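Fold and contact review
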Amino acid sequence: MLTRALGDLDRAEEAVQDAYAIALERWPRDGVPADPAAWIVTAARRRAIDRLRSERRFAARAEAIARLDALEREARDEADRDDAADGDLAMSPIADERLRLIFTCCHPALAPDARVALTLRLLGGLTTGEVARAFLVSEAAMAQRVVRAKAKIRAARIAYEIPRDADLPARLGSVLATLYLVFNEGYAATAGDALVRRELCAEAIRLARVLCLLMPDEPEALGLLALMRLHDARRAARVDAHGALVLLADQDRSAWDRGAIAEGHALTERALALHGRGRYVVQAVIAAEHGRARRAEDTDWQRIAGAYEQLAALDDSPVVALNRAVAVAMARGPEAGLALADEQAEPLAGYHLLHATRADLLRRLGRAGEAAAAYERALELAANPVERRFLAGRLAEARADERG
Amino acid sequence: MKYLLTIYADESTWVDASPEDNAELMAAYEAFTREASDVVLGGEALQPTTTATTVRVRDGERLLTDGPFAETREQLGGYYVVDVADLDAAIGWAAKIPDAANGCVEVRPIMEFDAPGADAPSHDAAARG
């Protein structure tokens, strides 16, 4: 059955072996499923699809990169012929073309999800199906989004041009927000398709890199690239062998990608030197400060709390205020943090992380009963299975403390 | 005395209509325009609401939303027709309209009808993608 679906005996065999390996690891831990044979077939099919997908992706990527390389070589040759002064790739017609495309795909008159869909479709290496899976919508719905966005670009005459100076700050802001949305979608630790999610982060970083090459003096672009590199550097340490979320303080810092952190630091410094004080630069400063600490207890929480204060002045969202509360708790103690978190209780009543934060601060203040109640509320609201597992563990601990 | 006559219709029926039905409607509008030529000062057909962008200015910051004006608290209070190069330029003017800071301004492209015999307009590469 599997062989017919895959059209290749070797593939089917490989997939079934993979499935048995997964079963050997999981069944002792989670129990044997009701219908083991069906479980194996389903798992094998899933593995096979994963493998096929990554093979296809590599093939398509190799081809796209070869094409891009050829284009860039051509541009270089042409520039060499013309004049040495025009040799800078960032000034080439291809660079212009790419900038135009980025700005058009991320036009603020398009809905944010349409910007993401267009950007990934026209600038990225992902197929519509992959983008759809990453955003948990059907392939048809994702394709429809792209079609609608293209129709609006045409009908409303969104110019296929690099924006005029007067429009540049707002237009650039929309490009950066779109790339960050793509990155965050890939970074969220869900049990979804891990491969596609990693690909989304890589794609956002790649596009931000292109943007920084093309606009080397834009501090916010540098700040966003720095921020994403610094977050992505921690990817391997954020989830443990069982797929459970590991908090920043508990992460194995030797698993952090030091090369990515060094690049993040250099980019942050460069953005600050260009007098960047925007929201991405300030967030990069915070991430860089975490990256600097070799051990969690070495973290300079005073500086981080200061940076959050700057961020709160730029962005009055309750989520930023909540993050600031966490930093203040670390810098000045859980009591000070709890007071700030409680200020956000009303706007963030339906947000699981408000309750998880309050729970953690109450736990540290030794108020186990209140902590347990807050963990319960957080668990009711959390949708992500990895986060739910973490919260359930903490809830059990708090209940045990309450009794003890 | 001048009056503004605004036309409301279910745009999906217009989009889904057969070419014959659309031709019939166009002929009816042409007949109306001829009949009313002494009193009509101007008028345009608008592109569907899916092409609209709503502009608001709050605390000096320009906020754009994809789609038409949707709230019911504000009422239509006036209009301008501008002729500019592209959507960014139109949005730029929309944001300068004083009431953009209190209410909002919907920017909707006006339908362009091909002159008979003219080539179909060509569109940008992004839209072809």
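Residues numbered from 1 in each chain as written. Chains lettered and ligands numbered in written order. Predicted model: local features only at pLDDT ≥ 70, side-chain atom pairs only at ≥ 80, totals over all residues. Heavy atoms only, no water.

Some remarks on the overall build of chain A
Rules: We count a stretch as a helix when DSSP gives it H or I for four or more residues in a row; a strand needs E for two or more, and each element gets its number in order from the N terminus. Note on exposure labels: buried denotes an accessible area under 20% of the residue type's maximum, exposed denotes more than 50%, and partly exposed covers the range between, all computed with a 1.4 Å probe on protein chains only. Should any heavy atoms of two residues lie within 4.5 Å, those residues are counted as being in contact. Exposure was quantified through the Shrake-Rupley algorithm and a 1.4 Å probe, taking into account, for residues, occlusion by the shown protein chains and nothing else.
The secondary structure content of chain A amounts to 19 helices and zero strands. Here chain A, with 404 residues, has 45% of them falling under the buried criterion. Considering only contacts in chain A between residues 6 or more positions apart, those separated by 24 or more positions represent 63%. Carbon and sulfur atoms provide 53% of the accessible area of chain A, an area that totals close to 20,200 Å².

Quick word on a nonpolar patch on the surface
All names here are of chain B. Let me state the cut-off plainly: Each patch is built from residues lacking any salt bridge and having more than 30% relative accessible area; the joining distance is 9 Å for like charges and 5 Å for nonpolar side chains (Val, Leu, Ile, Met, Phe, Trp, Tyr). Think of a salt bridge as a Lys or Arg side-chain nitrogen and an Asp or Glu carboxyl oxygen that are within 4 Å of each other.
A cluster of nonpolar side chains, namely Ile7, Trp14, Val15, Leu25, Met26, Tyr29, Phe32, Val39, Val40 and Phe113, defines an oily patch on the protein surface of about 960 Å² accessible area. Those elements that provide at least two residues to the nonpolar patch are helix H1 (11-16) and helix H2 (19-35). In terms of residue count, the dominant contributor to the nonpolar patch is H2 (four residues). As for its position among the elements, Phe113 is in the loop between strand S3 (105-107) and helix H4 (125-128).

Comments concerning the pattern of salt bridges
Residue and element names in this part refer to chain A. As enumerated under the stated definition, the model contains 29 salt bridges over all chains in all. Between Glu263 and Arg229 there is a salt bridge; the shortest N-O distance is 2.7 Å. A residue pair is termed long-range when its members are at least 10 positions apart, and Glu263 in helix H12 (residues 258-273) and Arg229 in helix H10 (residues 219-232) qualify at 34 residues. Given the relative accessible area of 22%, Glu263 is considered partly exposed. For Arg229, a relative accessible area of 17% corresponds to the buried category. Here Arg377 ties to Glu380 by a salt bridge, and the two come within 2.6 Å at their closest N and O atoms. Pair noted here: Arg377 and Glu380 are both in helix H18 (residues 368-381), with a separation of three residues, about one helical turn. We classify Arg377 as partly exposed; its relative accessible area is 33%. Overall, Glu380 belongs to the exposed group, its relative accessible area being 56%. A single network of salt bridges, built from pairs that share partners, joins Asp360, Arg363, Arg364, Arg394 and Glu397.

Description of the packing of helix H8 (residues 168-187) of chain A against H10(A)
Residues and elements named next belong to chain A. Note the cut-off: Lines fitted to C-alpha atoms define the axes, with helix axes restricted to the stretch in contact, and inter-axis angles between N-to-C directions lie between 0 and 180 degrees. Working rule for angles: under 35 degrees goes down as roughly parallel, over 145 as roughly antiparallel, 65 to 115 as roughly perpendicular, anything else as oblique. Gly is placed with the polar residues, together with every amino acid not listed as nonpolar (Ala, Val, Leu, Ile, Met, Phe, Trp, Tyr, Cys and Pro) or charged (Asp, Glu, Lys and Arg).
Following both chains from N to C, one finds H8 and H10 inclined at 5°, their axes separated by 11 Å at the closest point. Our classification of the angle between H8 and H10 gives roughly parallel. Residues Leu176, Leu179, Tyr180, Phe183 and Tyr187 of H8 form the contact with H10, whose participating residues are Glu220, Ala221, Leu224, Leu227, Met228, His231 and Asp232. Within the contact of H8 with H10, the residues separate by chemical class into nine nonpolar, one polar and two charged.

Observations concerning the sheet that holds strand S1 (residues 53-58) of chain B
Residue and element names in this part refer to chain B. Rules: At least two DSSP bridges between two strands are required for those strands to pair.
The three strands lie next to each other as S2-S1-S3, forming an open sheet whose pairing is antiparallel. Only two strands of the sheet have a single partner each, and these edge strands are strand S2 (61-66) and S3. Taking the axes of each pair of neighbouring strands and ignoring which way they run, one obtains an average angle of 30° across the sheet. Pairing of S1 with S2 involves six bridges; the strand directions are antiparallel.

Quick word on the nonpolar core
Residue and element names in this part refer to chain A. Note the following rule: In plain words, nonpolar cores are sets of buried Ala, Val, Leu, Ile, Met, Phe, Trp, Tyr and Cys residues tied together by side-chain atoms within 4.5 Å.
With 80 residues, the main nonpolar core has Leu118, Leu120, Phe135, Phe183, Leu211, Met215 and Met228 as its most contacted residues. If you tally residues by element for this core, the top one is helix H9 (residues 194-214), at 11 residues. Setting aside residues no more than four positions away along its own chain, Met228 makes contact with Leu179, Tyr180, Phe183, Ala204, Ile205 and Ala208. Counting 18 residues, the second-largest nonpolar core is a separate cluster that includes Ile304, Ala305, Tyr308 and Leu311.

As for the pairing of S1(B)
Residue and element names in this part refer to chain B. Counted residue by residue, S1 has five buried out of six residues, so it is predominantly covered. Note that S1 and S3 share three bridges and pair antiparallel. Bridge pairing links Val55 to Val105 in S3.

As for the confidence of the model for chain B
Residues and elements named next belong to chain B. Applied cut-off: Every residue is assigned a pLDDT by the predictor, reflecting its confidence on a scale from 0 to 100.
Across chain B, the average pLDDT comes to 85, with 88% of residues at 70 or higher. Across chain B, the element-wise mean pLDDT spans from 38 in H4 up to 96 in S3. With pLDDT under 50 throughout, residues 117-129 is counted as low confidence; its partners more than four residues away or in other chains account for 18 contacts. For this predicted complex, the interface score ipTM comes out at 0.80, while the overall pTM is 0.72.

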